[in-house]
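These are the residues of each chain, in order.
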Amino acid sequence: MALIVQKYGGTSVGSAERIRAVAERVVETAKAGNQVAVVVSAMAGETDALVALAGELGGTPPPAREYDVLLATGEQKSIALLAMAIQALGQPARSFTGAQIGMRTDDAHNRARILDVDAECIHRELERGVVAVIAGFQGIDDEGDITTLGRGGSDTSAVAIAAALGADVCEILTDVTGVYTTDPRITESARKLERISFEEMIEMASAGAKVLQIRAVKFAMHYGLPLHVRSSFEEEEGTWVTREDDVMERLVVSGVTANRDEAKIRVHALRDEPGVASALLTPLSDAGIVVDMIVQNLARDGSTDFTFTVPKNDYARGLELAQATASKIGAGGVEGDDGIAKVSIVGLGMKDHAGVASRMFEVLGSEGINIQMISTSEIKISVVVEEKYTELAVRALHAAFVEDGAALLSPEA
Ligand code: ADP
Ligand code: ASP
Ligand code: MG
């Protein structure tokens, strides 16, 4: 007998028919003698619809506490429906909100962090042979207020619950059959990976591969909990996200990703002196805006240009704050651009290969794609390009690095 945590995403519970299919799969897993805790997302499109409603009525930005009360309703609907569908098949099941399983978080509304889960209360149900159907994405803070974990946060709920329960397996069941070398919706040549390391998956998630929320992978890595990403529609084996030592293929590039959710802000003609970067970015971090890429260049006249990216949701506020600081410190001006995309290549094998970056730039150059910003880590290279080139860039890089593969780079290159 095993203790299995299964997480079903929005498309997987997107209709009554889909919920029934999920219920059948859950019951099958329970009938095979396993204890099963199920974590579910809101039905497909539900969270987006709630976000849109808040946009119409709640002001910009909507009050964070109420926004979370609203967004959490999507998952509450799913747990009730799935628990009913499981019971209808003759299997005991009970639904639980985040608060009911003691999913304690900090009070950072809309992006809360998990502090603790009451594993005992879930164990009690499982030991009685009841399937626990738990709302993902939501928790409760010390004041008793409802919080949410950021978009895609049900993945993180599932991993935290699996870690707290000491689960044997944490399955992330979704609408693709695993983690691919690139988004299979962008190119048919995307290939499913059998295994991928936590490190690579973290980089891919942070670079826009939304198949797993980045915090979920960080959690899993911290607890050494392998994740099995697989289809909720089919039985086939998916992708294991696991420790680096357990990954057989050490690919130079294991993934190509794109992220259209960032915007660029450029402050020009700044004085080149200590404290300028901090003066610009501190108001943004105080406002809870996470800055991703940063580039600073020195002009011939000794002034500097400072460019950075922020999430598109925070673009308007970020631009306002940058403009306020720029006029205070006497910068030349501020420009923004939300028509950009970040395209990245990720791979453990990059550690041992030179020439990957120059090959990447050559591929983009030969497609006539201009690179606006560049950032690198040990196993990732990201570039900012004009948004209209996103898919072309992904396909070209996937063809060059994944389809033609290692042939391009000899081991000692
Ligand atoms: P869920 O609702 O199950 O949480 P998501 O929509 O959050 O599902 O994530 C699954 C989607 O992630 C897929 O439909 C796919 O389009 C997208 N995706 C992006 N990059 C990748 C990748 N490298 N491998 C697999 N899926 C990816
Ligand atoms: N329903 C939430 C969202 O759409 C959480 C999730 O699906 O993981 O972002
Ligand atoms: Mg998701």
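Residue numbers here run from 1 along each chain, matching the order of that chain's written sequence. To read the labels, note that chains go from A and ligands from 1, taken in the order they are written. Per-residue local features are limited, in this predicted model, to residues with pLDDT of at least 70; the limit for side-chain atom pairs, both in listing and counting, is 80 or more; totals at the level of whole chains, interfaces and linings are taken over all residues. To get the side-chain values, all heavy atoms of the structure are used, and hydrogens and water are removed first.

As a further point, take the packing of aromatic side chains. Centre distance within 6.5 Å is the pairing criterion for rings of Phe, Tyr and Trp, where only the six-membered ring of Trp is used; planes under 30 degrees apart are then read as stacked, over 60 as edge-to-face, and the remainder as tilted. Following the criterion strictly, the structure yields two aromatic pairs and no others. Both rings, one in Phe219 and one in Tyr223, keep their centres 5.7 Å apart while their planes meet at 20°; by these two values the pair is stacked. Here Phe219 pairs with Tyr223, and both are found in helix α7 (residues 214-223), just four residues apart, close to one helical turn. Above the plane of the ring of Phe233 lies Arg18, whose end atom (NZ or CZ) is 3.8 Å from the centre. To qualify as a helix, a DSSP run of H or I must reach at least 4 residues; to qualify as a strand, a run of E must reach at least 2; elements of each kind are numbered from the N terminus. Comment: the charge-over-ring label is applied if NZ (Lys) or CZ (Arg) is within 6 Å of the ring centre and within 35 degrees of the ring normal.

With that out of the way, let us pick up the site of ligand 2. In the vicinity of ligand 2, the contacting residues are Ser41, Ala42, Thr47, Glu75, Phe137, Arg151, Gly152, Gly153 and Ser154. Within 3.5 Å is the distance limit for a polar contact, defined as a pair of N or O atoms, with the added protein rule that one can donate a hydrogen and the other accept it, and that residues adjacent in sequence qualify only through two side-chain atoms. Between Glu75 and ligand 2, the recorded distance is 2.7 Å, taken from a side-chain N or O atom to a nitrogen atom. Between Ser154 and ligand 2, the recorded distance is 3.0 Å, taken from a backbone N or O atom to an oxygen atom. Note on areas: these come from Shrake-Rupley sampling with a 1.4 Å probe, and a residue is covered only by the protein chains present in the view. Coverage of ligand 2 by the protein chains reaches 85% of its 260 Å² of free accessible surface. We call a residue near a given molecule or strand whenever any one of its heavy atoms falls within 4 Å of it.

When a carboxyl oxygen of Asp or Glu lies within 4 Å of a side-chain nitrogen of Lys or Arg, that pair is called a salt bridge. Tallied over the full model, the rule gives 26 salt bridges. As a salt-bridge pair, Lys388 and Glu386 come within 3.7 Å of each other at their nearest N and O atoms. A relative accessible area of 35% places Glu386 in the partly exposed class. Connected through salt bridges with shared partners, the residues Arg65, Glu66 and Asp145 form a single ionic network. Exposure categories follow from relative accessible area, calculated using a 1.4 Å probe and restricted to protein chains: below 20% of the type maximum is buried, above 50% is exposed, and the middle band is partly exposed.

When DSSP finds at least two bridges between two strands, those strands are taken to pair. Strand order in the open sheet made by the four strands is β15-β16-β14-β17, with antiparallel pairing throughout. Pairing within the sheet leaves two strands with one partner each, and these edge strands are β15 (294-298) and β17 (333-337). Across the sheet, the mean angle from the axis of one strand to that of its neighbour is 15°, orientation sign disregarded. Sheet analysis places strand β14 (residues 262-270) next to strand β16 (residues 304-311), joined by seven bridges and oriented antiparallel. In the strand pairing of β16, Arg266 is matched with Thr307. Here, two residues are considered to be in contact whenever any of their heavy atoms come within 4.5 Å of each other. Every axis in this analysis is a line fitted to C-alpha atoms, fitted for helices over the stretch in contact. Angles between the N-to-C directions lie between 0 and 180 degrees. Its contacts with the sheet put helix α8 (residues 276-286) on β14, β15 and β16, and the angle it makes with β16 is roughly 20°.

Here we take up the pairing of strand β18 (residues 340-346). Counting buried positions along β18 yields seven of seven residues, so the element is predominantly enclosed. Because side chains alternate across β18, one face comprises the buried residues Ile340, Lys342, Ser344 and Val346, and the other comprises Ala341, Val343 and Ile345, equally buried. Bridge analysis of strand β13 (residues 255-259) against β18 gives five bridges, and the strand direction is antiparallel. Bridge pairing links Val256 to Ile345 in β18.

A separate point is the packing of helix α10 (residues 356-366) against helix α11 (residues 390-403). Running from N to C, α10 and α11 point in directions that differ by 130°, and their axes come no closer than 10 Å. In terms of orientation, α10 and α11 fall into the oblique class. The two elements α10 and α11 meet at a crossing, and its hand is right-handed. Between α10 and α11, the contacting residues are Val356, Arg359, Met360, Val363 and Leu364 on the first element and Ala393, Ala396, Leu397, Ala400 and Phe401 on the second. Residues are grouped as follows: nonpolar covers Ala, Val, Leu, Ile, Met, Phe, Trp, Tyr, Cys and Pro; charged covers Asp, Glu, Lys and Arg; every other residue, Gly included, is treated as polar. Class assignment for the residues of the contact of α10 with α11 results in nine nonpolar, no polar and one charged. Here the angle decides the label: under 35 degrees means roughly parallel, over 145 means roughly antiparallel, 65 to 115 means roughly perpendicular, and every other value means oblique. We call a crossing left-handed when the near helix sits turned anticlockwise from the far one by less than a right angle, and right-handed when that turn is clockwise.

Before going further, it helps to spend a moment on the nonpolar core. Residues Val5, Ile122 and Ile161 are the most contacted members of the largest nonpolar core, which totals 43 residues. Per element, the largest residue contribution to this core is six residues, and it comes from helix α5 (residues 154-165). Not counting the four nearest positions on each side in its chain, Ile161 is found in contact with Val5, Val39, Ile101, Met103, Val117, Ile122 and Ile134. To qualify as a nonpolar core, a set must consist of buried Ala, Val, Leu, Ile, Met, Phe, Trp, Tyr and Cys residues joined through side-chain atoms within 4.5 Å. Core analysis: the second largest hydrophobic core is formed by 23 residues, Val356, Leu364, Val383 and Ala400 among them.

Looking at ligand 1, there are 17 residues lining it, with Thr174, Asp175, Tyr180, Asp183 and Arg185 nearest. Within the side chain of Thr174, one N or O atom sits 2.6 Å away from an oxygen atom of ligand 1. One nitrogen or oxygen atom from the side chain of Lys210 is found 3.3 Å from an oxygen atom belonging to ligand 1. For ligand 1, whose accessible area on its own is 570 Å², the fraction buried by protein is 90%. Considering only residue class, the shell around ligand 1 consists of seven nonpolar, five polar and five charged.

Right, let's talk about the pairing of strand β1 (residues 3-8) for a bit. Regular strands show a simple pattern: their side chains alternate between the two faces of the sheet. Of all six residues making up β1, six are buried, and the element is well covered by its neighbours. Neither face of β1 is exposed, since Leu3, Val5 and Lys7 on one face and Ile4, Gln6 and Tyr8 on the opposite face are all buried. In this structure, β1 lies alongside strand β9 (residues 169-174), joined through five bridges in parallel fashion. Following the sheet pairing, Tyr8 is matched in β9 by Leu173.

Moving on, we get to the sheet that holds strand β20 (residues 380-386). With antiparallel pairing, the four strands of this open sheet are ordered in space as β13-β18-β20-β19. Of all the strands in the sheet, just β13 and β19 (373-377) have a single pairing partner and so form its edges. Strand-to-strand twist of the sheet, defined as the mean angle between neighbouring strand axes without regard to direction, takes the value 20°. Relative to β18, helix α6 (residues 198-206) is tilted by about 170°, and along the sheet it contacts β13, β18, β19 and β20.

A word on α6. Most of α6 sits inside the fold, with seven of its nine residues counted as buried. Buried within α6 we find Phe198, Glu200, Met201, Ile202, Glu203, Met204 and Ala205. With its phi angle positive at about 120°, Gly208 sits one or two positions after the end of α6.

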